[in-house]
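Listed here are the chains, written in short residue letters.
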Amino acid sequence: MKMRLRSPLLALAMLLAVAGVQAQSYRCSNGSSIYYSDRPCGQAPAGKLGAFGGNSRSAPSAAYAPQLPRAGKAQGHVKYLSPACADISEAIRTAPARGVRGDVVTGLHEEYREKCSLEDQDARRQLRQDEQMQQSEKVAQRDSIANERAQAQQRADQCAGMRDVIALKRSREKQLNETEVAALRSLEGNYNSRCLSR
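So, about the overall build of the protein chain. The number of helices and strands found in the protein chain is 4 helices and 2 strands. Within the protein chain, the proportion of its 198 residues that are buried is 16%. Just so you have it, the protein chain exposes about 15,900 Å², and 53% of that area is on carbon and sulfur atoms.

Structure (structure tokens):
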């Protein structure tokens, strides 16, 4: 009878003990993550760690720094300006890349208009003239090359024609009279001086 009573009590005690162990858990941290364990935090077995929820320690976000635009290409007429006006023009060109305030840039534009307006017009005119001259030189050089090629082709065609005539007359030189032979020798001389010396 006692054995029957002990068995249910023992089973109940064991169930309560197991339930108590399962209900007890520890909230532990592993540096960058949070995990829950059925053992105290220092005794959790390796390989049974698991992260739950969000990380309480988030990595610090980098400070936002807007990227400044690159400075545009310097205009061609600037090289014809005086040093003072060229400096102001360069300051205006590089202002966005240096992070210069808008009111300062506006002031630079006003200063440039006041001090360099006429000089700017002259510099732009000089640039146009130089560009036109360079273009004319390029066209003249191109025409000269084309003319040389045409002359060379013409000489080549003439030499080819002379060579064909010489070859034809040599093939029947025995049938030529003295005058024709003299003409052949003259043609050969012209061919040698004009075509073989180049």
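Note on terminology: a disulfide is the covalent bond linking the sulfur atoms of two cysteines. Throughout the structure, instances matching the rule amount to 2 disulfides. At a sulfur-sulfur separation of 2.0 Å, the disulfide partner of Cys-85 is Cys-116. The sign of the -95° torsion about the S-S bond sets the Cys-85-Cys-116 disulfide as left-handed. Residue Cys-85 is located in helix α2 (residues 83-98), and its partner Cys-116 is located in helix α3 (residues 102-171); the two are separated by 31 residues in the primary sequence.

Note on placement: Ser-89 falls in helix α2. Classification of Ser-89 by relative accessible area gives buried; the value is 17%.

By size, the foremost hydrophobic cluster in this structure holds 11 residues: Val-78, Leu-81, Cys-85, Ala-86, Ile-88, Ala-91, Ile-92, Leu-108, Tyr-112, Cys-116 and Ala-123. For this core, the secondary structure elements donating two or more residues are α2 and α3. Broken down by element, the residue count for this core peaks at 5 residues, all from α2. When sequence neighbours within four positions are dropped, the list of residues in contact with Val-78 reads Ala-86 and Ser-89. Ranked by size, the runner-up nonpolar core spans 8 residues in total, among them Ile-166, Leu-176, Leu-184 and Cys-195.

Our next topic: the pattern of salt bridges. Note on pairing: side chains with opposite charge can pair once their charged atoms come close. Enumeration over the complete set of coordinates arrives at 9 salt bridges. Residue Glu-90 pairs with Arg-93 through a salt bridge whose shortest N-O separation is 2.5 Å. On the criterion of helical spacing, the pair formed by Glu-90 and Arg-93 is a turn pair, its members being 3 residues apart in helix α2. On the accessibility criterion, Glu-90 (32% relative accessible area) is partly exposed.

Quick look at the confidence of the model for the protein chain now. For the protein chain, mean pLDDT is 78; residues scoring 70 or higher make up 68% of the total. Least confident of the elements in the protein chain is helix α1 (residues 2-23), whose mean pLDDT is 49; most confident is α3, at 92. Low pLDDT, under 50, characterises residues 1-6; the stretch is placed with 0 contacts to residues that sit more than four places away or in other chains. pLDDT under 50 marks residues 44-54. Its contacts with residues more than four places away, or in other chains, come to 14 contacts.

Turning next to the packing of α3 against helix α4 (residues 178-196). The N-to-C vectors of α3 and α4 enclose an angle of 150°; their axes lie 10 Å apart at closest approach. Two packed elements cross with a definite hand, and for α3 against α4 that hand is left-handed. Each of Gln-158, Cys-159, Met-162, Arg-163, Val-165, Ile-166, Lys-169 and Arg-170 in α3 lies in contact with α4, whose residues at this interface are Leu-184, Leu-187, Glu-188, Asn-190, Tyr-191, Arg-194 and Cys-195. When its residues are assigned to classes, the contact of α3 with α4 shows 8 nonpolar, 2 polar and 5 charged.

Attention now moves to the side chain of His-77. Within the element layout of this structure, His-77 appears in the loop between β2 (34-37) and α2. Judged by relative accessible area, His-77 falls into the buried class, the value being 2%.

Criteria and thresholds
- Residues numbered from 1 in each chain as written.
- Predicted model: local features only at pLDDT ≥ 70, side-chain atom pairs only at ≥ 80, totals over all residues.
- Heavy atoms only, no water.
- Helix = DSSP H or I, 4+ residues; strand = E, 2+ residues; numbered from the N terminus.
- Buried < 20%, exposed > 50% of the residue type's maximum accessible area, 1.4 Å probe, protein only.
- Areas by Shrake-Rupley, 256 points an atom, 1.4 Å probe, with all protein chains shown as cover.
- Disulfide = S-S within 2.5 Å.
- Core = buried A, V, L, I, M, F, W, Y, C linked by side-chain atoms within 4.5 Å.
- Contact = heavy atoms within 4.5 Å.
- Salt bridge = Lys/Arg side-chain N within 4 Å of Asp/Glu carboxyl O.
- pLDDT = per-residue confidence, 0-100.
- Axes fitted to C-alpha atoms, helices over the stretch in contact; angles between N-to-C directions.
- Left-handed = near helix turned anticlockwise from the far one by under 90°.
- Nonpolar A, V, L, I, M, F, W, Y, C, P; charged D, E, K, R; others polar.

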